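# Structural overview
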Amino acid sequence: MKMFDNVSQKLINSKKIVFVTGAGISQESGIPTFRGKDGHWRKHDPMKLATIDAFFDDPSLVWEWYEDRRKNILSAKPNDGHFAIANMEKLRDVIVLTQNIDGLHQRSGSTNVLELHGSIIRIKCTHCSFSDNITDNFESLPPKCTCGNILRPDVVWFGEALPQDIWKNAMEEASSCDIMIIAGTSLVVSPANTLPIYAKQNGATLIEVNPEKTMMSNDMDLSIQDTSANILPKILSVLKNE
Ligand code: BJW
Ligand code: ZN
């Protein structure tokens, strides 16, 4: 396929493909991004919703935002981009390093997914070590732990460290792939935006899929300005040598 000319042989010869994904990959499933034109951060101040201080200032407000998002996410379906990645597992070693908390990669069939920023279907206590999946609607917000303290969504907010075991694995996977495909992320949030650098240091080929240019587009071997649901199935076809 013409658009993959300079990387198609690398794709065909590859053994291990690592994806770095962000909100844009779920945009075609009806889930808003953060910084796009209908993005959350165009309507809300991130410092009032996505920090631990904001949460303790107004836990009900933050919980209402996450509950609205959780309902939207649970009614959404994976799109052709997610399914293309899942289908690549039949052909190559595939690892997905996602900043998304929506679980759509797993629901599309991907089995090697590292959730860098947590998951919207999990809760954890702000005080003790309790954590669990959310299985039902809450009677009132904010929900309380049996220890008496409030529960929070098990996601990573600004100023918080990523889960250390997951981050360590993510760096190792990024450092040992032949191909890294960066899809649907603005690459403005650290430390996730350093993963392409680890891959590049190992000599990997970097391919970006995003309708907009990002700060790292010029560092890519190929940067395709189109949506992930359009392009990832085409990359799957190249891998199948179709
Ligand atoms: C399409 C498409 C289609 C559209 N197809 N593409 C100054 C002050 C305070 C902190 C910092 C600072 N400077 C740096 C920091 C660090 C901070 C940071 O990076 N901030 C930047 C904003 C500057 N990072 C952190 O704080 C991180 N932690 C940390 O650094 O810890 C250090 C530490 C170490 C040890 C101890 C203690 C601390 C944590 C970051 C947590 C991010 N959390 C959020 C919200 C929680 C999860 C949730 O509720 O969902 O995570 S913020 C939000 O941004 C969310 C996302 O995962 C993340 C990344 O966004 P993403 O996915 O890239 O989305 P967008 O909207 O930005 O981009 C979408 C893209 O898709 C666009 O490019 C579109 O064009 C494209 N697109 N349609 C393909 N169909
Ligand atoms: Zn507790």
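Parameters and conventions
- Residues numbered from 1 in each chain as written.
- Chains lettered and ligands numbered in written order.
- Predicted model: local features only at pLDDT ≥ 70, side-chain atom pairs only at ≥ 80, totals over all residues.
- Heavy atoms only, no water.
- Salt bridge = Lys/Arg side-chain N within 4 Å of Asp/Glu carboxyl O.
- Helix = DSSP H or I, 4+ residues; strand = E, 2+ residues; numbered from the N terminus.
- Buried < 20%, exposed > 50% of the residue type's maximum accessible area, 1.4 Å probe, protein only.
- Near = heavy atom within 4 Å.
- Polar contact = N/O pair within 3.5 Å; in protein donor to acceptor, adjacent residues only side chain to side chain.
- Areas by Shrake-Rupley, 256 points an atom, 1.4 Å probe, with all protein chains shown as cover.
- Phe/Tyr/Trp six-rings, centres within 6.5 Å; stacked < 30°, edge-to-face > 60°.
- Arc of directions from axis to C-beta.
- Contact = heavy atoms within 4.5 Å.
- Pairing = 2+ DSSP bridges.
- Axes fitted to C-alpha atoms, helices over the stretch in contact; angles between N-to-C directions.

### A word on the pattern of salt bridges
- Going through the model one piece at a time under the given rule, you end up with ten salt bridges.
- The residue E173 makes a salt bridge to K16 at a minimum N-O spacing of 2.5 Å. Of this pair, E173 sits in helix α8 (residues 164-174) while K16 sits in strand β1 (residues 16-21), and the two are 157 residues apart along the sequence.
- R122 is paired through a salt bridge with E115; the nearest N and O atoms lie 3.5 Å apart.
- Residue R122 is classed as partly exposed on the basis of its relative accessible area, which comes to 26%.
- Its relative accessible area of 13% is what places E115 among the buried residues.
- Several salt bridges converge on common partners, so that one network encompasses E115, R122, K124 and D154.

### Digging into the site of ligand 1
- Not every one of the 31 residues close to ligand 1 is listed here, only the nearest: R35, Y66, T185, S186 and N210.
- Within the backbone of F34, one N or O atom sits 2.8 Å away from an oxygen atom of ligand 1.
- Side-chain polar atom of N210 to an oxygen atom of ligand 1: 2.7 Å apart, as the coordinates give it.
- For ligand 1, whose free accessible area comes to 1,500 Å², the fraction covered by protein is 73%.

### Some points on the packing of aromatic side chains
- Considering all chains together, one arrives at seven aromatic pairs under this definition.
- Plain terms: the ring middles of F34 and W41 are 5.2 Å apart, the flat faces sit at 45° to each other, and that makes the pair tilted.
- Ring plane angle 40° and centroid distance 5.3 Å describe the contact between F55 and W157, whose orientation is recorded as tilted. Here F55 is found in helix α4 (residues 52-57), whereas its partner W157 is found in the loop between β6 (151-155) and α8, with 102 residues between them in sequence.
- Residue F55 is classed as buried on the basis of its relative accessible area of 0%.
- Among the aromatic side chains, those forming a connected cluster through ring pairs are F34, W41, F55, F56, W65, Y66 and W157.

### Points about helix α1 (residues 5-13)
- Along α1, the residues that are buried comprise V7, S8 and L11. Down the axis of α1, the smallest arc covering the buried residues is 120°, so these residues share one side.
- Where α1 is buried, its residues touch β7 (179-183), β8 (205-209), β9 (222-224) and α10 (228-239).

### Some thoughts on the sheet that holds β6
- Spatially, the three strands line up as an open sheet ordered β5-β4-β6, and their pairing is antiparallel. Taken across any chain shown, the strands that pair with only one partner, and hence form the sheet edges, are β5 (131-133) and β6. Across the sheet, the mean angle separating the axes of adjacent strands is 40° when strand polarity is ignored.
- Pairing of strand β4 (residues 118-125) with β5 involves three bridges; the strand directions are antiparallel. Looking at the pairing, K124 lines up with S131 of β5.
- Contacts from helix α5 (residues 59-75) reach β4 and β6, with the element oriented near 140° to β4.

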